[in-house]
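One-letter residues, chain by chain:
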Amino acid sequence: MDIRYSTGKEPFKRMTTEELREEFLIQNVFVKDDVSCVYSHVDRIVTMGCMPVDETVNIEKNIDPWKNFGVHYLLERRELGTINIGGDGVAIVDGEEINVNHYDALYVPMGTKEVLFKSKDSKEPAKFYILTAPAHRAYPLTVIPYEKAIHKHLGKLEDSNERTINQYIHPDILDTCQLSMGLTHLEPGSVWNTMPAHTHERRMEVYFYFDIPENQAVFHFMGEPNQTRHIVMHNDEAVINPSWSIHSGCGTTNYTFIWGMVGENRAYDDQDWLKTEDLR
Ligand SMILES: O=C[C@H](O)[C@@H](O)CC(=O)C(=O)O
Ligand SMILES: [Zn+2]
């Protein structure tokens, strides 16, 4: 398993492009009939991708629960959230088949012994983007269809940031131990996400960028507000943002991304807003 031990604010200032990418960038998220897995020591979040095409795929496929997590199965002491950005799919959770169609999310509680994913049509495979984090109790297994998410329309075309924030795993929808998750879609002509930028000292956040056409990219900005660096993101790539880091991107075109947070609280609005004029 790919393990990231993370870095502090001071060494961050001196990191090269390669070092930044090795530490924070997650590539090859979706591999046919396989599961990718990156363990970050930032709040112990694990970022995974599962793209079942011809097979029914067990999320533990590339995991040794005892060696990697010191438990007997992945979710013994963890909760899981996933959003399917591909074709319609099915999750099989401890034997129960659950439809998780395009743009639907699923929350799987701590204590779940087995999670399998499959696609309804191998010509249009499902793509399950997954986050898991340490948990202390089991909340109910919940499907959050796209229609049930909270849809927040924000920004304006004049500021190049007209977008819809779709909150799926959010306190107003369901309880979780620490996971929050949602999907933000930018309108054509809008390229900036999360501007004005913010940090949230109490939570870390992973961004997963997709719907980026070939030969286009998103410049993801991170680092302390007065020490920003960028990572150039291509399609289906994720980036780990520690709590002290801003996380904001500008694309060469519009795009979509999934954000996921874990840490101290789940209050979405507990953000430390920054003045754009103070960014460096
Ligand atoms: O803490 C919240 C997260 O950074 C994102 O939800 C922000 C976002 O999707 C956006 O402004 O476009
Ligand atoms: Zn944030």
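Structural notes, computed from the coordinates. Source: prediction; values computed, not measured. Residue positions are counted from 1 within each chain, in the order its sequence is given. Chains carry letters and ligands carry numbers; both start at the beginning, A for chains and 1 for ligands, and go up in the order they are written. Local features are withheld for residues below a pLDDT of 70 in this predicted model, meaning they are given only at 70 or higher, and side-chain atom pairs are given and counted only at 80 or more; totals for whole chains, interfaces and linings count all residues.

### Things to note about the site of ligand 1
The environment of ligand 1 is formed by R163, I165, G182, T184, N193, T194, H200, E205, H247, W259 and Q271. If you list the elements that add at least two residues to the shell around ligand 1, you get β14 (163-169) and β15 (180-186). Tallied by class, residues from the shell around ligand 1 come to 2 nonpolar, 7 polar and 2 charged. By definition, a residue lies near a molecule or strand when the C-beta atom built from its backbone is within 6 Å of it. Runs of E in the DSSP output that reach at least two residues are strands. Runs of H or I that reach at least four are helices, and both are numbered from the N terminus. For this classification, the nonpolar set comprises Ala, Val, Leu, Ile, Met, Phe, Trp, Tyr, Cys and Pro, the charged set comprises Asp, Glu, Lys and Arg, and every other residue, Gly included, is treated as polar.

### A closer look at the pairing of strand β6 (residues 78-84)
Side-chain positions along a regular strand alternate between the two faces of the sheet. Counting buried residues in β6 gives 7 out of 7 residues, a clear majority hidden from the surface. Here β6 shows two buried faces, one formed by R78, L80, T82 and N84 and the other by E79, G81 and I83. Looking at chain direction, β6 and strand β11 (residues 128-134) are connected through 7 bridges and run antiparallel. In the strand pairing of β11, R78 is matched with P134. Here, strands pair whenever DSSP counts at least two bridges between them. Inspection of the sheet shows β6 paired to strand β9 (residues 105-108) by 4 bridges, in the antiparallel sense. Counting other C-beta atoms within 10 Å of a residue's C-beta gives its exposure: the residue is buried at 20 or more, exposed at 12 or fewer, and partly exposed in between, where C-beta atoms are placed from the backbone.

### Re the sheet that holds strand β22 (residues 246-251)
Taken together, the 4 strands give an open sheet; going across it, the order is β16-β22-β19-β20, and neighbouring strands pair in antiparallel fashion. Looking along the sheet, the strands with just one partner apiece sit at the ends: β16 (192-193) and β20 (229-233).

### Topic: the sheet that holds β11
The mixed open sheet is built from 7 strands, whose spatial order is β1-β3-β4-β11-β6-β9-β12. Every interior strand has two partners, whereas the edge strands, β1 (2-4) and β12 (142-144), have only one. Shown here is a sheet whose adjacent strand axes are inclined to one another by a mean of 15°, direction ignored. Pairing analysis gives 3 bridges linking β9 to β12, with the strands arranged antiparallel. What sits directly across from A105, in β12, is I144. Here an angle of 0 to 180 degrees is reported between the N-to-C directions of two axes, which are lines fitted to C-alpha atoms, with helices fitted over the stretch in contact.

Don't take any of this as a statement about function, it's just geometry.
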